[in-house]
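Report on the structure
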Amino acid sequence: MSAESMLKELIEARKEIDKLGVKPDFKKEQFEKLIAQVRKFNTLEAAKDCVNNHCVKLNMIVLGDDGLYWVAVPAVTEKLVKAGYEYAE
């Protein structure tokens, strides 16, 4: 599944949530900006390899709602955790 199709699915899911009257912690536009700063990996090992061997700045790993491991800088991961995501072990 491509990143573009995953983003479209996420947008559709957000529309369904909006129809139910549930308000997310932050707006869709803010969420899309955060996701644009995330690198996604299929395995925890690949995400850890990126963090430990390829990132110049400090990066952290979050469990994504798409079954992937998301890697981003702490400012982004903190916002994701506040929105309900969890750090990977």
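The structure reproduced in this document is the subject of the present report. Please read these numbers as outputs of a predicted model, since none were measured by experiment.

What follows covers the pattern of salt bridges. Side chains bearing opposite charge may pair, as long as their charged atoms lie close to each other. Applying the stated criterion to the full structure yields 2 salt bridges. Of the charged contacts in the structure, one is a salt bridge between Glu4 and Lys8, with a shortest N-O distance of 3.9 Å. Of the two residues, Glu4 and Lys8 are both situated in helix α1 (residues 3-20); the distance of 4 residues between them amounts to about one turn of the helix. Neither Glu4 nor Lys8 differs from the other in exposure class; each is exposed.

Along the chain, Thr77 turns up in helix α4 (residues 74-82). A polar atom in the side chain of Thr77 sits 3.2 Å from the backbone oxygen of Pro74. Discounting residues that sit within four places of it in the chain, Thr77 has contacts with Met60, Val62, Ala72 and Tyr87.

Let us now look at empty space enclosed by the protein. Once rolled over the atoms, a probe with the size of a water molecule shows which space is left empty. A complete count under the given rule lists 1 cavity of 30 Å³ or more for this structure. The space that makes up the largest cavity amounts to roughly 30 Å³. Taken together, Leu7, Leu10, Ile11, Arg14, Lys28, Phe31 and Glu32 make up the lining of the largest cavity. With 4 residues, the single largest contributor to the lining of the largest cavity is α1. Looking at the lining of the largest cavity residue by residue, the class counts come to 4 nonpolar, no polar and 3 charged.

Rules of the game
- Residues numbered from 1 in each chain as written.
- Predicted model: local features only at pLDDT ≥ 70, side-chain atom pairs only at ≥ 80, totals over all residues.
- Heavy atoms only, no water.
- Salt bridge = Lys/Arg side-chain N within 4 Å of Asp/Glu carboxyl O.
- Helix = DSSP H or I, 4+ residues; strand = E, 2+ residues; numbered from the N terminus.
- Buried < 20%, exposed > 50% of the residue type's maximum accessible area, 1.4 Å probe, protein only.
- Polar contact = N/O pair within 3.5 Å; in protein donor to acceptor, adjacent residues only side chain to side chain.
- Contact = heavy atoms within 4.5 Å.
- 1 Å grid on protein atoms, 1.4 Å probe; cavity = no way out; pocket = protein on both sides within 12 Å on 5 of 7 lines; lining within 4 Å.
- Points joined across faces, edges and corners; volume = space filled by probe spheres on them.
- Nonpolar A, V, L, I, M, F, W, Y, C, P; charged D, E, K, R; others polar.

Any functional reading would require information beyond the geometric quantities listed.
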